[in-house]
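# What the coordinates show
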Amino acid sequence: MVIIITGYSGSNKISIAKKIAKKLNLNFFDLHKKIEEYEMLSVPEIINSKGNVFFRKIESKFLKQIINDNKGLVLSVNEGTPCYSNNIKYIINNNIESVYLKYSIDSLLKNILNNQNILNTFPKNYTNNQLKEYISKHLFERRLYYNKCKIIIDCDEIREDDIVEKILLSLN
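Presented here is a report on the structure given in the accompanying data block. Because the structure is predicted, anything quoted here is derived from the model rather than measured.

## With respect to the pattern of salt bridges
Using the criterion set out here, one finds twelve salt bridges in the structure. Its salt-bridge partner being Asp161, residue Lys19 comes within 2.9 Å of it at the nearest N-O pair. Of this pair, Lys19 sits in helix α1 (residues 13-24) while Asp161 sits in helix α9 (residues 160-171), placing them 142 residues apart in sequence. A residue is classified by how much of its surface remains accessible, and Asp161, at 38% relative accessible area, is partly exposed. Several salt bridges converge on common partners, so that one network encompasses Lys19, Arg159, Glu160, Asp161 and Asp162.

## Points about α9
Here α9 is twelve residues long and its end C-alpha atoms lie 17 Å apart, about the 16 Å a rise of 1.5 Å per residue gives. Buried within α9 we find Ile163, Val164, Ile167, Leu168 and Leu171. Taken end-on, α9 shows its buried residues confined to a sector of 135 degrees, consistent with a single buried face. The secondary structure elements touched by the buried residues of α9 are β1 (2-6), α1, β4 (97-102) and β5 (151-154).

## Section: the pairing of β4
Each regular strand carries side chains that alternate between the two faces of the sheet. The pairing of β1 with β4 spans four bridges and is classified as parallel. Residue pairing for β4: Ile3 is matched across the bridge by Glu97. Across four bridges, the pairing between β4 and β5 is parallel. Each residue of the ladder has a partner; that of Tyr100, found in β5, is Ile152.

## Quick word on the side chain of Asn70
Locating Asn70 in the fold gives a position in the loop between α4 (52-69) and β3 (73-76). Among the polar contacts made by the side chain of Asn70, one reaches the main-chain carbonyl oxygen of Ile66 at a distance of 2.8 Å. The residues contacting Asn70, other than those within four sequence positions of it, are Val2, Asn27 and Phe29.

About the thresholds
- Residues numbered from 1 in each chain as written.
- Predicted model: local features only at pLDDT ≥ 70, side-chain atom pairs only at ≥ 80, totals over all residues.
- Heavy atoms only, no water.
- Salt bridge = Lys/Arg side-chain N within 4 Å of Asp/Glu carboxyl O.
- Helix = DSSP H or I, 4+ residues; strand = E, 2+ residues; numbered from the N terminus.
- Buried < 20%, exposed > 50% of the residue type's maximum accessible area, 1.4 Å probe, protein only.
- Expected span 1.5 Å × (residues − 1).
- Arc of directions from axis to C-beta.
- Contact = heavy atoms within 4.5 Å.
- Pairing = 2+ DSSP bridges.
- Polar contact = N/O pair within 3.5 Å; in protein donor to acceptor, adjacent residues only side chain to side chain.

So, in structure tokens, the structure goes:
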């Protein structure tokens, strides 16, 4: 079984994916960590030095390679992955269990503001209202792709362990 976990920044994709992998005794991969290990650069460094087009091409290549090489895994992909290079189409056409962790804009804003590492990936010097508007714009553009996932979990006001249980029940 191949399970892909996606959602916007601040949706706890990696943590949830790890818990699902552990419960199902499957391998866990973080797509961007695999790319960083291969390139020996962080994602921002790759984009800054080689460009966004290069990054999206290698991201798509790694996505397909990891899926093809592993029949039992949980893969966490970043918020943009489903939206580029026909990645969502590949996921759908290959009968992969795709999960969208759906949060409200207010919940995402709260999660992002409470995690400095995530907050650092957003434009600097934004007020909370500007950041909320930025998130809203991105979600508007990306929801079309996210909503193509087989499983959509409404995550607002739900503990992470309960989200994991909802996903596991949806897989059965």
